[in-house]
There are 2 protein chains.
Amino acid sequence: MSSQERSKILLNIADALEASEKLIIAENEADIAEAQQAGYEKSLVSRLALKPGKVSSLAKSIRILADMEEPTGQVLKRTELSQGFILEKMSSPLGVLLIIFESRPDALVQIAALAIRSGNGLLLKGGKEAKRSNAILHKVITSAIPENVGEGLVGLVASREDIPELLKLDDVIDLVIPRGGNKLVSQIKASTKIPVLGHSDGICHVYVDKSADMVKAKQIVLDSKTDYPAACNAMETLLVHTELVNTGGLNELIVELQIKGVTIYGGSRASSLLNLPEASSFHHEYSSLACTIEVVDDVYAAIDHIHHGHTDCIITEDHDIAEMFLHQVDSAAVFHNASTRFCDGFRFGLGAEVGISTSRIHARGPVGVEGLLTTRCVDGVEAWSCKQNQFCTVELRRDDAMRLSGFA
Amino acid sequence: MSSQERSKILLNIADALEASEKLIIAENEADIAEAQQAGYEKSLVSRLALKPGKVSSLAKSIRILADMEEPTGQVLKRTELSQGFILEKMSSPLGVLLIIFESRPDALVQIAALAIRSGNGLLLKGGKEAKRSNAILHKVITSAIPENVGEGLVGLVASREDIPELLKLDDVIDLVIPRGGNKLVSQIKASTKIPVLGHSDGICHVYVDKSADMVKAKQIVLDSKTDYPAACNAMETLLVHTELVNTGGLNELIVELQIKGVTIYGGSRASSLLNLPEASSFHHEYSSLACTIEVVDDVYAAIDHIHHGHTDCIITEDHDIAEMFLHQVDSAAVFHNASTRFCDGFRFGLGAEVGISTSRIHARGPVGVEGLLTTRCVDGVEAWSCKQNQFCTVELRRDDAMRLSGFA
């Protein structure tokens, strides 16, 4: 399909979503009611809900993707290997993606749109708690795809039992993207040879240095934790400089968190110094109104504690300390005096995101269209005229043999 | 370490290699003699040998790497997320690499140089057939690394028994790069959770269309197969258009291959049409003076046969057929009227290569420094002055909340 055809499909999907908004909301409400009855966790129910305005914001994001420059077939690098032999490194679709996601039905829409924009085939497996929402969204999307393309472009897998079989298809599926908690991602990584893109560790840290402006600290920490606690870019661990213990600023910050309904646990030092119940682990992703606080000696100890994470932020007015943190924390995203909630594909200008990757290979951080592409090295069209005339490539290959012999 | 310090180490290594050339060659010859006595395959012995001029060409390639622009800390993309909040996507070392390679001791040098250039830690595991060569090369390299950096920067693992233990260290090692045959790569992929970069399928195809200039065809096919048969970019399968069967051009090509010592097997059609012994499999990497020929109906059948490969070439004078092949063959590298041997990191202007990847994620094709890097998203220094003055980031975060709420 041409770039224009794929853009047109995206615009049709955006229109179809808006036209079917009432239907979508009704199915989503049925899912929510059932989940509440079944006694699911509050954070899961919160992720399940398509909030007011969500459908139109999804449509808007799809229109942005439709207007984007075509991402495939772009020449990323052009090298003249020898006179007239021009090599082009071109972006190219990855192939077939398998996305396994929990709860959030809006993920289905974003991911399907990104897959269409990037020319990839897509298999979606949603959570059973969102089955009605997923089914209607999938129906709306596939109905906007022309018949000659076929519904198979975006497939929806209904049953959980199909996953193990799908994960065996390493000759057919090129990338698995699990969207969900630590446990889901780890399970999938352990049970497939297909490359997995995702964050198996979604811990975001905010470190408040002794040099912090505590008014900023309060605002950033509250935003990082309470704006959308179920998101993977919400703060899970708050690290505070030891000199802040028992200062008015830190005490106020803790009280503010508690007023907002946040349950606070302490690491081994914080639990005794600040009289907090002890956290079970620093690796626990609360995904709810809860967090861990730990006391550290200085910025070095904070960096050591974080080691590598998801999205990590330092709050300080000391430029040198900020630079040290920004350079040494080896995480997907590192911020200074900004909420961890900033780490987001839409915010980062990617149009939408398939998820946030903490992997060190391929894409890292919020993954948009770019993360769904691979490259091919193609000898460019420019080389043609030369080869037509004088068969230069192989001649040069042989002339150059001496220089090359060391690097076969 | 600064960029300059790492460049200096590379220059020292290049000097040390040249100064120790005699010693290196002597150890290499001892390895070769032992391998020949032990009755190793000819292709393995050929890969083991450091040919005349190899040490100085390695030194030259290291000097090119030393002069390269610093690859880490490069701003790959800069996005203004909101006024004054500028996000930088920066290149950053991957971490610790484990390279497992067979026979070729020159790989040790190239890979160590690339790791130093890209700021990565490195563990090397060479084949036991090259143990003397590897030991002396490793000694020469580490002796050029200043004491305060430590020999640990580039570690050499001697025993095969250590590999399973190393492959368990997915919290310490970030990427495994096996350099060797299909079997080695598949074994490693099956036995580790660490990402693996490599080519488990190294089949390179040359397709000769009916519209080919058979003089070019002969030169390109001979170069692709016989220039260095042990290399992974050597041709393994020759596909020929059905109309070429029993033409003078094809017969001459086959005879020329045989004169050069190439043993030719046939696919099911070619074996009967051209009276050739039948090939056991199209997935066999000969890595020696042998290849398979198969007859196909047209360019579509050739594309289907190749599906996705390593490096694939079409020989044709028909521009449209060439374009079709270049666009539809989904391989790491696709050439028109050029030898498959062109697919090489040095040729591609990468300075050197860790290997050629046929993976669809992360790096694809010849992997140089770029493939050994990841990225971090860092809020840029420019944001600082703004934040100093007016605490704009979090203010803007909240002002913007409405727009963002759909994309949490």
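Thresholds, definitions, all that
Residues numbered from 1 in each chain as written. Chains lettered and ligands numbered in written order. Predicted model: local features only at pLDDT ≥ 70, side-chain atom pairs only at ≥ 80, totals over all residues. Heavy atoms only, no water. Pairing = 2+ DSSP bridges. Helix = DSSP H or I, 4+ residues; strand = E, 2+ residues; numbered from the N terminus. Axes fitted to C-alpha atoms, helices over the stretch in contact; angles between N-to-C directions. Contact = heavy atoms within 4.5 Å. Buried area = accessible area lost by both parts, 1.4 Å probe. Salt bridge = Lys/Arg side-chain N within 4 Å of Asp/Glu carboxyl O. Polar contact = N/O pair within 3.5 Å; in protein donor to acceptor, adjacent residues only side chain to side chain. Domains from an automatic or database assignment. Nonpolar A, V, L, I, M, F, W, Y, C, P; charged D, E, K, R; others polar.

**Examining the sheet that holds strand β9 (residues 263-266) of chain B**
Strand order across the open sheet formed by nine strands is β1(A)-β2(A)-β15(A)-β12(B)-β11(B)-β7(B)-β8(B)-β10(B)-β9(B), with mixed pairing between neighbours. In this open sheet, the two edge strands, each paired with only one partner strand, are β1 (75-82) of chain A together with β9 of chain B. Going across the sheet, the axis of each strand differs from the next one's by a mean of 20 degrees, ignoring polarity. Alignment of β9 of chain B against strand β10 (residues 290-296) of chain B, held across four bridges, turns out to be parallel. Note on β10 of chain B: the bridge partner recorded for Tyr265 of chain B is Thr292 of chain B.

**A closer look at the interface of chain A and chain B**
In many reports, interface size means the accessible area that the parts give up when they come together. Listed per partner, the contact involves 81 residues of chain A and 79 residues of chain B. Here chain A packs against chain B, burying approximately 7,400 Å² in sum over the two surfaces, 55% of which is carbon and sulfur. Where chain A packs against chain B, one counts six salt bridges. The shortest N-O distance in the salt bridge between Glu370 of chain B and Lys77 of chain A comes to 3.8 Å. Applying the counting rule to chain A against chain B returns 23 residue pairs in polar contact (both at pLDDT 80 or more). Examining the composition of the side of chain A that touches chain B, we find that six residues originate from one element, strand β15 (residues 373-379) of chain A, more than from any other. Two strands pair when backbone bridges link them, and strand β12 (residues 333-336) of chain A and strand β15 (residues 373-379) of chain B are joined in this way by two bridges, in the parallel orientation. Opposite Ala333 of chain A, over in β15 of chain B, you have Cys377 of chain B as the bridge partner.

**Looking at the domain arrangement of chain A**
All names here are of chain A. Examined at the domain level, chain A breaks down into domain 1 (3-197 + 354-374) and domain 2 (204-342). If you look at the interface, domain 1 gives twelve residues, while domain 2 gives twelve residues. Interface area, domain 1 with domain 2, both sides summed: about 960 Å², of which 50% is carbon and sulfur. Listing elements by their share of the side of domain 1 that touches domain 2, those giving two or more residues are α3 (42-48) and β13 (355-357). Ranked by the residues each element gives to the side of domain 1 that touches domain 2, the list is headed by α3, at three residues. Its residues assigned to classes, the side of domain 1 that touches domain 2 comprises one nonpolar, six polar and five charged.

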